[in-house]
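# Survey of secondary and tertiary structure
Here is what each chain is made of, one letter per residue.
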Amino acid sequence: MQSAPLTRRSILAQAWPIMLGQTTVPLVGLVDTAVIGWTGDAAALAGVALGTAIISFIFWAFGFLRMGMTGLTAQAHGRGARSEVDGLLLRGVVAGVGIGVVLLALQIMLVPLAFAALAGGGALDEAAREFVTARFLGAPAALGFYAVNGWLFGLGRTRETLALQILVNLVNAGLDMLFVWQFGMGARGIGLGTAIAEWVGLVAGLVLVVRIAGPRALLGQRAGFFERTAWRRLFAVNADIMVRTIALLALFLWLANAGARLGTVQLAANHVLMQLVSIFAFVLDGFAFTAESRVGQAVGRGSRSDLKRAIRLTGEFSIGFGLLATLAALVFGGALIDLLTTNAAVREAARAVLPLAALAAIVGVPAWLLDGVFIGATQGRALRNAAILATALYIATDLLLRPLGATGLWLALLASYGFRAGLLAIHVPRLFAGVAEAVPRT
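Structural notes, computed from the coordinates. (Residues numbered from 1 in each chain as written. Predicted model: local features only at pLDDT ≥ 70, side-chain atom pairs only at ≥ 80, totals over all residues. Heavy atoms only, no water.)

## Some remarks on the pattern of salt bridges
If you walk through the whole model with that rule in mind, you get 13 salt bridges. Residues Asp 398 and Arg 402 are paired through a salt bridge, measuring 3.0 Å at the closest nitrogen-oxygen approach. It is possible to trace a salt-bridge network through shared partners that takes in Arg 8, Arg 312 and Glu 316. (Salt bridge = Lys/Arg side-chain N within 4 Å of Asp/Glu carboxyl O.)

Spelled out as structure tokens, the structure:
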């Protein structure tokens, strides 16, 4: 399959299915929040918030299965190496499911360690533990699904990823409402619904892959499956991305813990507002993911001009949509808060810092876009170093602003996006220098 030309129309055509599909991800978070929030139980809502932070940290530590897969697949596709593209898929899926099985077996140790590191207690810990335990049942499927999505993104098959994401999230939302409202399972029901949806997603993804590339995509690569060079490259590229991801997850885990220190009401309010921030990030990831694919293909072709054009075009769209998202949050954010929770104290606490949450849409754009650029180029070392330093600077900023309470917490989060973007921007000249001058196309 040949790549689409680098035009604004083609960039938008590739990005809009991702944006629509990614929108359904935070929408499920909104449904989860609303399902619990409408019960008026602040402890249960805060427990889901804390549990989500724990699961995100543990699962997304292996997010390289999605991110690294996108960059490697895009570069192989840019070179026209079809057998390498298929081999990457098989190794990625097997690695994801295998790691997920190990996580499921180790949860008896991981869960207590996670709760020991966080500020909680009482009903909050009980609800969070129920949620986390149920979510672990979907670990193998979630990580295998990362690899399938990354492979599809690398090929630019964004409409297929949209179909998968909609399917998974509709199943998730429906089961959450069934388990919580019909069966009264509370936080455990939210976790179980998500776990089942992840298994549905993996099975559907594998079926879709076979329809796209034929049985050879999974079965035809068995002869080269154990090739050491291929496995070494897969994990060498992804090791730095894994460290980068863990550093950023530590940042958001610190954020969740900082909210817990401010009390159950503020933690619940922060969770409501983070649904808003998630919408920004996931929607604008449409252009970041497009950058991953287009940058990876440009690097694979060895075209510096295509690399520059891919960054410029995705950057234009990111900034424009970021400004629109900030404006929408300022106008409609209050109504969204009221929709997600009926607790008066939580509503008041969330409204107090809503303007700062709204700014995340435009402040986060450079960091999100540059993440996509460097992931597509498989420049893991730059991503790793920037994330580690940005997290350290964020923690220092949060400690410095702690006397400001919730305002300080959100100011520190906004600053973290600036740290990430600035530290990645330092590496851009080296990225260009590593790609050959564009050659004339025939």
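## As for the environment of Ala 377
Positionally, Ala 377 belongs in the loop between α14 (365-376) and α15 (380-401). The class for Ala 377 is buried, based on a relative accessible area of 3%. Considered as a pair, Ala 377 and Ala 291 are 86 residues apart in the sequence and their alpha carbons are 9.6 Å apart. Leave out the neighbours within four places in its chain, and Ala 377 touches Gln 75, Val 295, Val 299 and Leu 431. (Helix = DSSP H or I, 4+ residues; strand = E, 2+ residues; numbered from the N terminus. Buried < 20%, exposed > 50% of the residue type's maximum accessible area, 1.4 Å probe, protein only. Contact = heavy atoms within 4.5 Å.)

## Some remarks on the packing of helix α13 (residues 354-363) against helix α16 (residues 406-425)
Axis separation between α13 and α16 bottoms out at 10 Å; the angle between their running directions is 0°. Here α13 is positioned roughly parallel relative to α16, judged by the angle of their axes. Note on element contacts: α16 touches α13 through Thr 407, Trp 410, Leu 411, Leu 414 and Tyr 417, opposite Leu 356, Ala 357, Leu 359, Ala 360 and Val 363. Split into classes, the residues belonging to the contact of α13 with α16 amount to 9 nonpolar, 1 polar and no charged. (Axes fitted to C-alpha atoms, helices over the stretch in contact; angles between N-to-C directions. Parallel < 35°, antiparallel > 145°, perpendicular 65-115°, else oblique. Nonpolar A, V, L, I, M, F, W, Y, C, P; charged D, E, K, R; others polar.)

## Section: helix α8 (residues 186-213)
A rise of 1.5 Å per residue sets the reference length of α8, with its 28 residues, at 40 Å; its end C-alpha atoms lie 41 Å apart and thus fit the reference within 8%. One or two steps after α8, the chain reaches Gly 214, where phi turns positive at roughly 85°. (Expected span 1.5 Å × (residues − 1).)

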